[in-house]
Amino acid sequence: MRRSGGGRAPPRRGGGGAAGRLHRPGRPEPEPRLGLEVDSGPSSVQVIDALPVAVAVLAADDTVVLANRSAVELGVVRGNRLLVAELRRLASDVRRSREAQEVEVEPARGRLVRLPDAVRVRVVPVGDAEGHVALLVEDVTEARRVEAVRRDFVANVSHELKTPVGAMSLLAEAMLDASEDPTAVRRFAGRLQHEAGRLARLVQELIDLSRLQGADPLPEQELVPVDKVVAEAVDRTRTAATARGIEIVRGGERGLTVCGSESQLVTAVGNLIENAVHYSPESTRVAVAVRSREGAVEVSVTDQGMGIADKDLERVFERFYRADPARSRATGGTGLGLAIVKHVATNHGGEVSVWSVEGSGSTFTLRLPPSGAATEEEGP
């Protein structure tokens, strides 16, 4: 643990003593009040140094008289200096008020110091007259990011649910107004059925995504024949492909196996094929290829569609992200299919990638460990 001192202590500061102690033997300084009784022995120093939260004690002139390893690693302390100006201001406020404060701070970015985007800090007075304060600093950058993702997800879900529900409400009103016109009623009923199907798919995919992100995403591990996965995935999308005159062809190696959940893998490959069918022009071809390459089993789905712009390639696997929103809504897409593929790949120890050129189609590749590799990892 980093400790200041080792030389001559400034008069009346009380914090620059030897051996990193908060007070020097023989001097009538009050014990620090850190919420628990802390003695000056090495065990207390070791305990403070082991804390995952950054701890620093400042003297009245803002000199750091004690800091643990986390404070140095977090970037708030260097030598005997506290590097974050916002924390020094908080320390001054606590000295004046003699009352503890707990706030979240966004440290100013510096060229020479790498600091977290956001920290939660608690500042506590630890001396009656000497002006010592203790700071407990925790990096909350990741917590803020997760909270932002959660808010965005809830907002997106609300928006996506509102669209088909609103459409169904309007169509129901239109059917009532056109109750004496059988042709109009049939037309509105068809549209109502389409929106109801879209709503059902959205709800089901939200359920699937929630399960994939749960604590036990793979309840049953089994040897899964890749040929069976591809055959079932193709069969699920054949009706939609036939309706648009799109041919689905299967090629590559046969007899490969992976270890995991057959239902999840069928969902992932089916989503890739369905995505290819939706974004392909009519009377074209979608190719599904399987091969063993560099110690992994790859399932690639290639379409002859419009392709994906470079700016969208890194985001196509995000939830509710659509490279072409108008086209996706026209085909009834939910914006969750590729996000589900990504989670299935991650849960199976694999990955999914995309290659695309605008105007030349796209190739999505699901890469999974072979059954032998998965079996070895699960062995004793």
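It should be noted that the structure appears before, not after, this text.
Since the structure is predicted, the reported quantities are computational estimates derived from the model, not experimental observations.

Pairing within the open sheet is antiparallel, and its five strands lie in the order β2-β1-β7-β6-β5. With partners counted over all chains shown, the strands left at the sheet margins are β2 (64-67) and β5 (101-105), one partner each. Averaged over neighbouring strand pairs, the angle between their axes works out to 20 degrees when direction is ignored. Looking at chain direction, β5 and strand β6 (residues 119-125) are connected through five bridges and run antiparallel. Across the sheet, the residue bridging to Q101 is V123, located in β6.

What follows covers the environment of T284. Here T284 shows up in the loop between α7 (262-278) and β11 (285-293). It is 8.8 Å that separates the C-alpha atoms of T284 and R244, two residues lying 40 residues apart in sequence.

The next subject is α7. Between its first and last C-alpha atoms α7 spans 24 Å; for 17 residues at 1.5 Å apiece the expected length is 24 Å, and the two agree. α7 sits mainly inside the fold: 14 of its 17 residues count as buried.

When we look at burial in helix α10 (residues 337-347), the residues that qualify are G337, L338, A339, I340, V341, V344 and A345. Just downstream of α10, G349 is the residue with a positive phi angle, here 75 degrees.

All right, on to the environment of H343 then. One can find H343 in helix α10. For the pair formed by H343 and F317, sequence separation is 26 residues and the distance between their alpha carbons is 9.4 Å.

What follows concerns the pattern of salt bridges. Per the stated rule, a full pass over the model turns up 19 salt bridges. We note a salt bridge from D93 to R96, for which the minimum N-O separation is 2.4 Å. With a gap of three residues between them, D93 and R96 both fall in helix α3 (residues 85-97), about one helical turn apart. The residue R285 makes a salt bridge to E247 at a minimum N-O spacing of 3.5 Å. Residue R285 is located in strand β11, and its partner E247 is located in strand β9 (residues 247-252); the two are separated by 38 residues in the primary sequence.

Analysis parameters
Residues numbered from 1 in each chain as written. Predicted model: local features only at pLDDT ≥ 70, side-chain atom pairs only at ≥ 80, totals over all residues. Heavy atoms only, no water. Pairing = 2+ DSSP bridges. Helix = DSSP H or I, 4+ residues; strand = E, 2+ residues; numbered from the N terminus. Axes fitted to C-alpha atoms, helices over the stretch in contact; angles between N-to-C directions. Expected span 1.5 Å × (residues − 1). Buried < 20%, exposed > 50% of the residue type's maximum accessible area, 1.4 Å probe, protein only. Salt bridge = Lys/Arg side-chain N within 4 Å of Asp/Glu carboxyl O.

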